[in-house]
Amino acid sequence: MLKHRLIPVLLLKDGQLVRSEGFATHQIIGDPYHEVARFNEWNVDEIIYLDISRGDRYDLGRSDTRSAEMGDPLDILAEVSRTCFMPLCWGGRLRTLDDIRSVISRGADKVALCTAAHATPGLITAAAEAFGAQAVVVCLDVKGGTVWVEGATVDTGRDPVAFARDVVARGAGEILLQAVERDGAGEGYDTELIAAVSAAVPVPVIALGGVGRYEHYARGIGAGAAAVAAANIWHFKELSDRGGKRALAGAGVAVRGFGKG
């Protein structure tokens, strides 16, 4: 039986982890090292870091966290990957094959492409040929029925179903599907969007955006997602792995490693 994955998403901005709401409000909640150590002890299936910083180097200001020692995102990735004992996906401002190569060489198992998947779609194919389709995740940020890029500030005007089909044809091995308007709202996934995209592509779809209760996970799977992801709920509920997997199993969803710990 196919088992579904439960994935925490960590948002990294200027070297610090943040809570996001509507892609516009970002509240600092910690540093990237403490969180990966915590997830190593939990029963999660993989982890996704999305670097939403605007610059190529961090504006750390007066940060007193460990990240203040590292102004380069790649340095943080290298340190995180050193202690990460689960599959690690890294996304954010990856524009060239050299960018992707640098991320893979510092310990990422997968990369997540968003803006580049629209601006330079040939990069998807190049990355899949170089590292395998399983290492290439394309992130679709959907708002108002279309795909947005540049941190959901630029509307491509493209239909998410058509866009998903295109990136898979170019070599993407997974789709990370996020409903921007549900980001931080806690109202549950956009199940209609998940169903439409999942039915259109032969690769796994990871649902993201809107989880406020553990019960929302099963609805994402029921809509067709192969994996369910969330960000904020992982930071504000202890033992979120067990709560999430218990809710999935209780809804009849097969999950990996349920019952551990």
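Residues numbered from 1 in each chain as written. Predicted model: local features only at pLDDT ≥ 70, side-chain atom pairs only at ≥ 80, totals over all residues. Heavy atoms only, no water.

### Quick look at the overall build of the protein
Moving on, step 1. Within the protein one finds 10 helices and 12 strands.
Moving on, step 2. Evaluated residue by residue, the protein yields a buried proportion of 54% over its 261 residues.
Moving on, step 3. Intrachain contacts of the protein at a sequence separation of at least 6 include 64% that bridge at least 24 residues.
Moving on, step 4. Approximately 11000 Å² of the protein is accessible, and the part contributed by carbon and sulfur atoms is 49%. (Helix = DSSP H or I, 4+ residues; strand = E, 2+ residues; numbered from the N terminus. Buried < 20%, exposed > 50% of the residue type's maximum accessible area, 1.4 Å probe, protein only. Contact = heavy atoms within 4.5 Å. Areas by Shrake-Rupley, 256 points an atom, 1.4 Å probe, with all protein chains shown as cover.)

### Some points on the packing of aromatic side chains
Moving on, step 1. Per the stated rule, a full pass over the model turns up 1 aromatic pair.
Moving on, step 2. On the numbers, 5.7 Å between centres and 20 degrees between planes, the contact of tyrosine 49 with tryptophan 90 is stacked. Here the residue tyrosine 49 occupies a position in strand E4 (residues 47–51), and tryptophan 90 occupies one in strand E5 (residues 88–91), the gap between them amounting to 41 residues.
Moving on, step 3. Residue classification places tyrosine 49 among the buried residues on the basis of a relative accessible area of 0%. (Phe/Tyr/Trp six-rings, centres within 6.5 Å; stacked < 30°, edge-to-face > 60°.)

### With respect to the pairing of strand E12 (residues 227–230)
Moving on, step 1. Side chains Ala227 and Ala229 of E12 all project onto a buried face; the interleaved residues Val228 and Ala230 project onto the opposite face, where all are buried too.
Moving on, step 2. Taken together, the 4 bridges between strand E1 (residues 5–13) and E12 define a ladder with parallel strand orientation. Each bridged residue has a counterpart across the sheet, and for isoleucine 7 the counterpart in E12 is alanine 229.
Moving on, step 3. Looking at chain direction, strand E11 (residues 205–208) and E12 are connected through 2 bridges and run parallel. Residue pairing for E12: alanine 207 is matched across the bridge by valine 228. (Pairing = 2+ DSSP bridges.)

### Examining helix H2 (residues 73–82)
Moving on, step 1. Burial runs high along H2: 7 of the 10 residues are buried.
Moving on, step 2. For H2, the complete set of buried residues consists of Pro73, Leu74, Ile76, Leu77, Glu79, Val80 and Ser81.
Moving on, step 3. The inward-facing, buried residues of H2 abut E1, helix H1 (32–41), E4, E5 and helix H3 (97–105).

### Some thoughts on the pairing of E11
Moving on, step 1. Here E11 shows no split at all, with Val205 and Ala207 on one side and Ile206 and Leu208 on the other all buried.
Moving on, step 2. In the sheet, strand E10 (residues 174–179) pairs with E11 via 4 bridges, with the strands oriented parallel. Considered in E11, the bridge of glutamine 178 is made with leucine 208.
Moving on, step 3. Of the crossover connections in this fold, the one passing from E10 over helix H7 (residues 191–200) to the parallel E11 is right-handed.
Moving on, step 4. Read as a crossover between parallel neighbours, the route from E11 over helix H8 (residues 215–222) to E12 is right-handed. (Right-handed = clockwise from strand over helix to strand, strands pointing away.)

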